[in-house]
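This is what each chain is made of:
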Amino acid sequence: MLRHYKIELPAFGRGFHLITDLILNQIPDLPATGVLQIFIQHTSAGISINEAADPDVRHDFQLYFKHLAPENLPGIIHTEEGPDDMPAHVLAALMGSSVQIPIIMGRLALGRWQGIFLGEFRDARRKRTVIITIIE
Amino acid sequence: MLRHYKIELPAFGRGFHLITDLILNQIPDLPATGVLQIFIQHTSAGISINEAADPDVRHDFQLYFKHLAPENLPGIIHTEEGPDDMPAHVLAALMGSSVQIPIIMGRLALGRWQGIFLGEFRDARRKRTVIITIIE
Amino acid sequence: MLRHYKIELPAFGRGFHLITDLILNQIPDLPATGVLQIFIQHTSAGISINEAADPDVRHDFQLYFKHLAPENLPGIIHTEEGPDDMPAHVLAALMGSSVQIPIIMGRLALGRWQGIFLGEFRDARRKRTVIITIIE
């Protein structure tokens, strides 16, 4: 059995945003056993699982993202939408467009420190759409 | 219900290649509701979802890939197959070997700008094999 | 049908560790057709599929990981657990927390050179927990 739920995330602006509860609050109770998939329908934002306890981690991620995908890399030509556009596509490719999480005993089987994150790589605040799929 | 289809992609050569239609043309009609997974059976190529509208994005990705995984990094020893080999393994690990896409109303639920890409990280033109899995 | 198996991996220490057999030896026979998912419950380690034949590849990955996520990047503040902590979170985000592999004719449909790897990004040796999910 497989069901989809389309969810709109609020317009966060650039950052690494914890969205675990925001996702769970918008879907029905989880089945006892299954897999939850989150798929993001955008090319300049990604979905990831990472450290949810210390907000400093989210701060530091921004610095590593700039190290990984610097703006104005010599030779790039896709720049009409601004210097944050092409790095956003690169970071979306690195982070990935979906995560898959086991559901055990009616709960997401996340580790002690894990949370679900939206990686928003554009400066502008935009609403983002994700599709939640539950396979049971 | 779960079915697999083994597909051979043409020998593209190094680049970030849009393969959405190429995949869809080689499998039967999609079910009304489900998930489509694409898994690549290679260690120097990856599968990704990214910006499909502007070919400039694919050009710029090549520059970012060289920034992320430069050839001849000091100290590396896996070089017998050429300087493009080890960076290709690294980029395959970063991009990932599979994507999972929701199927809604008989269509891939891709966002407006999303397409499916083969990341081919070796210079030589090689045919690449992917396994399409449909879960419904 | 969908089943989960919780597995504890041995404490490897930092490195890129081949775990294909270690996983397969701890679960029952695979079904004829399906998908095997491996999900890691940690935020400083990742799961990947890569080149399993030449151990030199694993050596070189360590150098590329340092290039991608250097220690002591100027400005970072999440450093109480040591300089290897924040780079580990970044590499976990880049590598991803799960892989999905088709099962065909009762075997993992890995390509000729592919194996399953644990990316352990912390120096300290820690046991790591993964959840294996089989969808059939």
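Quick caveat: nothing in here was measured; it's all calculated off a predicted structure.

Chemist: How do you make sense of the confidence of the model for chain A when you look at a structure like this?
Modeler: Reading predicted coordinates in detail is not appropriate for stretches of low pLDDT. Per-residue pLDDT for chain A has a mean of 97; in total, 100% of the residues score no lower than 70. Two summary scores accompany this predicted model of the complex, namely pTM at 0.98 and ipTM at 0.97.

Chemist: Looking at this structure, how should I read the pattern of salt bridges?
Modeler: Using the criterion set out here, one finds 24 salt bridges over all chains in the structure. Arg122 of chain B serves as the salt-bridge partner of Asp84 of chain B, at 3.1 Å between the closest nitrogen and oxygen. Of this pair, Asp84 of chain B sits in the loop between helix H2 (55-68) and helix H3 (85-95) while Arg122 of chain B is found in the loop between strand S7 (114-120) and strand S8 (128-135), placing the two residues 38 residues apart along the sequence. Residue Asp84 of chain B is classed as buried on the basis of its relative accessible area of 7%. We note a salt bridge from Glu136 of chain C to Arg3 of chain C, for which the minimum N-O separation is 3.0 Å. In this pair, Glu136 of chain C is assigned in the segment after strand S8 (128-135) and Arg3 of chain C in strand S1 (residues 2-9), connecting sequence segments 133 residues apart. When salt bridges with common partners are traced through the structure, they connect Glu81, Asp84, Asp85 and Arg122 of chain A into a single cluster.

Chemist: I keep staring at the interface of chain A and chain B and nothing clicks. Help me out?
Modeler: How big an interface is tends to be stated in terms of accessible area lost as the parts join. Facing the 34 residues of chain A at the interface are 31 residues of chain B. Taken together, the connections running from chain A to chain B amount to 0 salt bridges. Of all the secondary structure elements, the ones that give two or more residues to the side of chain A that touches chain B are strand S1 (2-9), strand S3 (33-40), helix H2 (55-68), helix H3 (85-95), strand S5 (98-104) and strand S8 (128-135) of chain A. For the side of chain A that touches chain B, the leading source of residues is H3 of chain A, giving 7 residues. In terms of residue class, the side of chain A that touches chain B is built from 18 nonpolar, 14 polar and 2 charged.

Chemist: Please explain the packing of H2 of chain A against helix H3 (residues 85-95) of chain C as it appears in this structure.
Modeler: Pairs of packed helices are described in terms of their axes, by the angle between the two and the distance that separates them. Between H2 of chain A and H3 of chain C, whose axes approach to 10 Å, the crossing angle comes to 65°. Between H2 of chain A and H3 of chain C, the crossing angle belongs to the class labelled roughly perpendicular. In this structure, H2 of chain A meets H3 of chain C at a crossing whose hand is right-handed. Contacts between H2 of chain A and H3 of chain C involve Val57, Asp60, Phe61, Tyr64 and Leu68 of chain A from the first element and Met86, Pro87, His89, Val90, Ala93 and Leu94 of chain C from the second.

The rules behind each value
Along each chain, the written sequence defines residue order, and numbers are assigned to residues from 1. Here chains are named by letter from A upward and ligands by number from 1 upward, in the order in which they appear as written. In view of the model being predicted, local features appear only for residues whose pLDDT reaches at least 70, and side-chain atom pairs are presented and counted only at 80 or more, with totals across whole chains, interfaces and linings using the full set of residues. The basis for the side-chain values is all heavy atoms of the structure; hydrogens and waters are excluded. Per-residue confidence from the predictor is reported as pLDDT, a score between 0 and 100. We count a salt bridge whenever a side-chain nitrogen from Lys or Arg sits within 4 Å of a carboxyl oxygen from Asp or Glu. Only runs of H or I of at least four residues qualify as helices and only runs of E of at least two qualify as strands under DSSP, and these elements are numbered from the N terminus. Using a 1.4 Å probe on the protein chains alone, a residue whose accessible area is under 20% of its type maximum counts as buried, one over 50% counts as exposed, and one in between counts as partly exposed. Here, two residues are considered to be in contact whenever any of their heavy atoms come within 4.5 Å of each other. When residues are grouped by polarity, Ala, Val, Leu, Ile, Met, Phe, Trp, Tyr, Cys and Pro land in nonpolar, Asp, Glu, Lys and Arg in charged, and all others, Gly among them, in polar. Axis lines are fitted through C-alpha atoms, for helices just across the contact stretch, and the angle between N-to-C directions can take any value from 0 to 180 degrees. Each angle is binned into one of four classes, with values under 35 degrees roughly parallel, values over 145 roughly antiparallel, values of 65 to 115 roughly perpendicular, and all other values oblique. Rotating anticlockwise by less than a right angle from the far helix to the near helix defines a left-handed crossing, while the corresponding clockwise rotation defines a right-handed one.

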